[in-house]
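Chain and residue survey
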Amino acid sequence: MSTAVRWTGLLTVVFAIIVVAVMASRPNGTFSVPLAGLLLVILSIAYAMSPLRYDVGDGQLVVRRQVGRVSAELRGATIESDPAAFRGLVRTFGNGGFFAVHGMYWSRRLGAVRVYARNRDHGVVLTLASGRKWLLSPDDPDAFIAAVRAWTR
């Protein structure tokens, strides 16, 4: 997990605790209980959807999440390292840094892209045979790219 993702997660938790504490200290603090529940649900969903690791095999890329997984067919796909892939991303729906960066994003350079990343330091762009793009961040981009290329033929 990158430093930016760690700090975003930590600051989000601290901010949520402060908001709930301030709301609870008000004379009519009954609003703090639903607010705390809502924040807990949002944080739980963000954690559950965050990517944990990537598995490559049998012609599939599987993104393992904390809860569940997402997979893509690798035959006919292309993959390339792109260190600047995270620059200029605009989130259209997803999580921008709490536990991970994941969801649907858009950039002028890449267009629409699905992001499954825990570290913004080394981006890898996978373009599926259907034309959809995934932005990933494996710990060892070169080894990951070699593993994926073995299945794209």
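For the structure itself, consult the block above.
So, here is what we can say about the structure in this document.

**Observations regarding helix 3 (residues 141-149)**
Among the residues of helix 3, Pro141, Phe144, Ile145 and Val148 are the ones counted as buried. Looking straight down helix 3, one finds its buried side chains confined to an arc of 100°; they lie on one side. Against strand 1 (51-57), strand 2 (60-65), strand 4 (78-81), strand 8 (124-127) and strand 9 (133-136) lie the buried residues of helix 3.

**A look at a nonpolar patch on the surface**
On the surface, a cluster of nonpolar side chains totalling about 580 Å² of accessible area is made up of Trp7, Leu10, Leu11, Val14, Ile18 and Val22. Counting through the fold element by element, Leu10 comes out in helix 1 (residues 3-25). With relative accessibility at 45%, the residue Leu10 sits in the partly exposed group.

**Thoughts on the nonpolar core**
Of all hydrophobic cores here, the largest spans 17 residues; its most connected members are Leu61, Leu126, Trp134, Leu136 and Phe144. Within the residue set of this core, elements represented by two or more residues are strand 2, strand 3 (69-73), strand 8, strand 9 and helix 3. Discounting residues that sit within four places of it in the chain, Phe144 has contacts with Tyr54, Val56, Leu61, Ile79, Val124, Leu136 and Pro138. Leu110, Val113, Ala117 and Leu135 belong to the second-largest nonpolar core, a separate cluster that totals 11 residues.

**Quick look at the pairing of strand 7 (residues 111-117)**
Across the 7 residues of strand 7, 5 count as buried, placing the element largely inside the fold. Here strand 6 (residues 101-107) runs beside strand 7; their pairing, made up of 7 bridges, is antiparallel. Bridge pairing in strand 7 links His102 to Tyr116. Adjacent in sequence and paired antiparallel, strand 6 and strand 7 are bridged by 3 residues. The sheet contact formed by strand 7 and strand 9 spans 3 bridges and is parallel. Across the sheet, Arg114 pairs through a bridge with Trp134, a residue of strand 9.

About the thresholds
- In this convention, every chain numbers its residues from 1, walking through the sequence in written order.
- With pLDDT at 70 or above as the cut-off, local features in this predicted model cover only qualifying residues; side-chain atom pairs require 80 or more to be listed or tallied, and sums for whole chains, interfaces and linings still use all residues.
- Note: side-chain values were computed over all heavy atoms of the structure, leaving out hydrogens and water.
- Residue exposure (1.4 Å probe, protein chains only): buried if accessible area is under 20% of the type maximum, exposed if over 50%, otherwise partly exposed.
- Numbering of helices and strands runs from the N terminus; a helix is a DSSP stretch of H or I covering at least four residues, while a strand is a stretch of E covering at least two.
- What the arc covers is the set of directions going from the helix axis to the C-beta atoms.
- Two residues form a contact once any of their heavy atoms are found within 4.5 Å.
- Think of a patch as exposed residues, more than 30% relative accessible area, with no salt bridge, where like charges cluster within 9 Å and nonpolar side chains (Val, Leu, Ile, Met, Phe, Trp, Tyr) cluster within 5 Å.
- Only the protein chains shown count as cover for residues, and all accessible areas are computed by the Shrake-Rupley method using a 1.4 Å probe.
- Salt bridges are identified by distance alone: a Lys or Arg side-chain nitrogen within 4 Å of an Asp or Glu carboxyl oxygen.
- For this analysis, a nonpolar core means a set of buried residues of the types Ala, Val, Leu, Ile, Met, Phe, Trp, Tyr and Cys, connected via side-chain atoms within 4.5 Å.
- Note on pairing: DSSP must find at least two bridges between two strands before they are called paired.

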